[in-house]
Amino acid sequence: MDQRQALASFGALSQETRLQIVRMLVVAGPAGMAAGAIAEKLEVSPSNVSFHLKELEHAGLIAQERESRSIIYSANYDALGELVRFLMEDCCAGHPEICAPAAAVAACCTPLVKENLQ
């Protein structure tokens with residue numbers, strides 16, 4: 001991930017509703033959630049959620065998939081993992097053991113681990 005993409009991701013996450021949506025989708029896992037369910041759970045209007053989902057998708061943090069008449073949104077684990085890895089690059093002045101807990105979190109977003117979740 002380059003700095004430009006990291007800034008876009010952080011910009012998208014710097015708004016309270018969008019951060020709540022991403023966290024909710026991470027908890028939902030690969031199955032994701034319908035936009036209506038997200039709006040209901042956050043107690044905001046569907047148009048409000050739609051605006052925020054569009055911003056998160058534009059930043060590459062979430063993905064959408066049509067399922068019948070619904071659009072299902074899910075966290076983009078690759079992008080989220082890349083964002084954590086971007087933060088941890090060159091971490092701790094050559095003492096990677098300090099960053100081990102954060103590195104383990106970033107590793108949970110790798111494709112191999114995601115396959116095991118499904």
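Just above sits the structure.
Notes on the structure follow. Computed from a prediction, not measured in an experiment: that's the story for all the values here.

Each helix and strand counted, the protein chain has seven helices and three strands in total. Listing each helix as α and each strand as β along the protein chain from the N terminus yields α-α-β-α-α-β-β-α-α-α. For the protein chain, with 118 residues in total, the buried portion stands at 31%. At a minimum sequence separation of 6, the contacts of the protein chain that also span at least 24 residues come to 56%. Of the accessible surface of the protein chain, which amounts to about 7500 Å², a share of 55% is contributed by carbon and sulfur atoms.

With 13 residues, helix α4 (residues 46–58) extends 18 Å from end C-alpha to end C-alpha; this agrees with the ideal 18 Å at 1.5 Å per step. Of all the positions in α4, only Val49, His52, Leu53 and Leu56 are classed as buried. Relative to the axis of α4, the buried residues are bounded by an arc of 105 degrees and lie together on one face. Pointing more than 90 degrees away from the buried face of α4 are the exposed residues Ser47, Lys54 and His58. The inward-facing, buried residues of α4 abut α1 (3–13), α2 (16–28), α3 (35–42), β2 (62–67) and β3 (70–75). Remark: Gly60 follows α4 within two positions and exhibits a positive phi of approximately 85 degrees.

Rules used in this analysis
- Residues numbered from 1 in each chain as written.
- Predicted model: local features only at pLDDT ≥ 70, side-chain atom pairs only at ≥ 80, totals over all residues.
- Heavy atoms only, no water.
- Helix = DSSP H or I, 4+ residues; strand = E, 2+ residues; numbered from the N terminus.
- Buried < 20%, exposed > 50% of the residue type's maximum accessible area, 1.4 Å probe, protein only.
- Contact = heavy atoms within 4.5 Å.
- Areas by Shrake-Rupley, 256 points an atom, 1.4 Å probe, with all protein chains shown as cover.
- Expected span 1.5 Å × (residues − 1).
- Arc of directions from axis to C-beta.

Just distances and angles here, no functional claims.
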